[in-house]
Amino acid sequence: AAAASPPPPACGAERRPYHVLLTAASGTYQEWQTRIAYHYYRQLKAAQPCSDLGGFTRLLSTPDGRPDGLMGEIPTVLTKQLGAGRCDECSHGFVVMNRPWSLRQYFASKEAASLAEDYLFVIETDHLLLRPPRNRATEASPVAFGFYYMTYKYDARKLGPVIRRWHDPDDVDPVGPSPLIVHKAQLRGLIEPWWRLCLELKRDREADQALGWVLEMWAYTLAAARTGVRHQVHKTFQAEPGGAGIYNLDDHDIYHYTFDLDQRGQDFSWSKRHFMSRYPPRLPEPPRSAKPSTLTFIKMMNGAIDAFGDRWGVARG
């Protein structure tokens, strides 16, 4: 069941708590990422009890909604993942569509109906919380991260004509559905148009080819634009260091380790994709020339792995 967290009595009235909703799929790859994400949520929650961090739910999508080995470790709501094929309840060969599909089921659940917080903070398994984001969202205006590739200008020749078929491309926010701080009623209202647009875009050959691996993200931001929702776009909501990393993480709330680390000219590289079917061991020491973001990432990963001790690599229900 979901864990709700009402404001502690000592906290001020200005606190605006959100419920952390981590969307996840079954399997080892997202299992170890989820455990690390939850570890740092708990650490921040304990260290800063009066921040806007509220309760936490892992929204887990599995075949037939079957439980996994983390049910006793992490507060979880189970949903049924999409079936194979190209029907209205099928994945169309694109597993990311399970995100809106699982959220659709979540909002029909008793856990969502009894949620204490008015806002949701939607995150992914490969998000490391660096600090609790402040809740700047309103009932009408969610907070989202600005992705450099989520604008038609990223490849105007390819994307412009496609996006224009659904909405004025200049009136579409360069965001996705995560990370996102949003009023729960507003997200509930976006789920159906988001899901329907996923199906529409996947069934459109031109759109499917042009939008590729971010099609589901485009479905979200197009659905938001078409329903009049505009986001507060924050570049510092998360950092996505890749390659040699970046110098400064001080202003960022999340470290998103989606891109591979590779220190050119040095014997150091790391990719989460090397651990699709097994848990990663402690990361090696970086070269002396490593940038601060790489040092932070290694410290956080190794800190979590050390904290699990002999439980690392073993999920117990």
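The rules behind the values
Residues numbered from 1 in each chain as written. Predicted model: local features only at pLDDT ≥ 70, side-chain atom pairs only at ≥ 80, totals over all residues. Heavy atoms only, no water. Core = buried A, V, L, I, M, F, W, Y, C linked by side-chain atoms within 4.5 Å. Buried < 20%, exposed > 50% of the residue type's maximum accessible area, 1.4 Å probe, protein only. Contact = heavy atoms within 4.5 Å. Pairing = 2+ DSSP bridges. Helix = DSSP H or I, 4+ residues; strand = E, 2+ residues; numbered from the N terminus. Axes fitted to C-alpha atoms, helices over the stretch in contact; angles between N-to-C directions. Salt bridge = Lys/Arg side-chain N within 4 Å of Asp/Glu carboxyl O. Patch = residues over 30% accessible without salt bridge, like charges linked within 9 Å, V, L, I, M, F, W, Y side chains within 5 Å. Areas by Shrake-Rupley, 256 points an atom, 1.4 Å probe, with all protein chains shown as cover. Phe/Tyr/Trp six-rings, centres within 6.5 Å; stacked < 30°, edge-to-face > 60°.

Trainee: Outline the nonpolar core, supporting the account with residue identities and numerical values.
Mentor: With 73 residues, the main nonpolar core has Phe121, Leu201 and Trp218 as its most contacted residues. Not counting the four nearest positions on each side in its chain, phenylalanine 121 is found in contact with Tyr18, His19, Val20, Leu21, Leu129, Pro133, Pro179, Leu180, Ile181, Phe237 and Ile254.

Trainee: Tell me about the sheet that holds strand 4 (residues 119-124), residues and numbers included.
Mentor: The seven strands are arranged 3-2-1-4-7-6-8 in an open sheet whose pairing can be described as mixed. Edge positions in the sheet fall to strand 3 (76-80) and strand 8 (232-234), since each of these pairs with one other strand and no more. Adjacent strand axes in the sheet meet at a mean angle of 30° when their direction is disregarded. Across six bridges, strand 1 (residues 18-25) lies against strand 4 in parallel orientation. Across the sheet, valine 20 pairs through a bridge with phenylalanine 121, a residue of strand 4.

Trainee: Requested: an account of the pattern of salt bridges, with residues and values cited.
Mentor: Taken as a whole and judged by the stated rule, the model has 18 salt bridges. The closest approach of N and O atoms between arginine 99 and glutamate 124, which form a salt bridge, is 3.0 Å. In this pair, arginine 99 sits in helix 2 (residues 98-106) while glutamate 124 sits in strand 4, placing the two residues 25 residues apart along the sequence. Glutamate 124 matches arginine 99 in its accessibility class, with the two residues each being buried. Here glutamate 192 ties to arginine 196 by a salt bridge, and the two come within 3.2 Å at their closest N and O atoms. With glutamate 192 and arginine 196 both in helix 5 (residues 184-203), this residue pair falls four residues apart, about one helical turn.

Trainee: Could you give me a rundown of the sheet that holds strand 5 (residues 127-129), with the residues and numbers involved?
Mentor: Judged by pairing direction, the sheet is mixed, and its three strands sit side by side in the order 5-10-9 without closing on themselves. Pairing within the sheet leaves two strands with one partner each, and these edge strands are strand 5 and strand 9 (238-239). As defined by bridge partners, strand 9 adjoins strand 10 (residues 254-256) across two bridges and the pair is classed as parallel. Of the residues in strand 10, the one forming a bridge with glutamine 238 is isoleucine 254.

Trainee: So what's going on with a nonpolar patch on the surface? Residues and values would help.
Mentor: Judged by side-chain polarity, Tyr148, Tyr154 and Phe259 come together as a nonpolar surface patch covering roughly 330 Å² of accessible area. Inspection of the secondary structure assignment puts tyrosine 148 in the loop between strand 6 (143-145) and helix 4 (156-164).

Trainee: Got a sec to walk through the packing of aromatic side chains? Specific residues and values, please.
Mentor: The tally for this structure, following the rule as stated, stands at 24 aromatic pairs. Between tyrosine 38 and tyrosine 41, the ring centres sit 5.8 Å apart and the planes meet at 15°, which makes this aromatic pair stacked. With tyrosine 38 and tyrosine 41 both in helix 1 (residues 28-47) and three residues apart, this pair spans about one turn of that helix. Across the pair, exposure class does not vary: tyrosine 38 and tyrosine 41 are buried alike. On the numbers, 5.9 Å between centres and 20° between planes, the contact of phenylalanine 121 with phenylalanine 237 is stacked.

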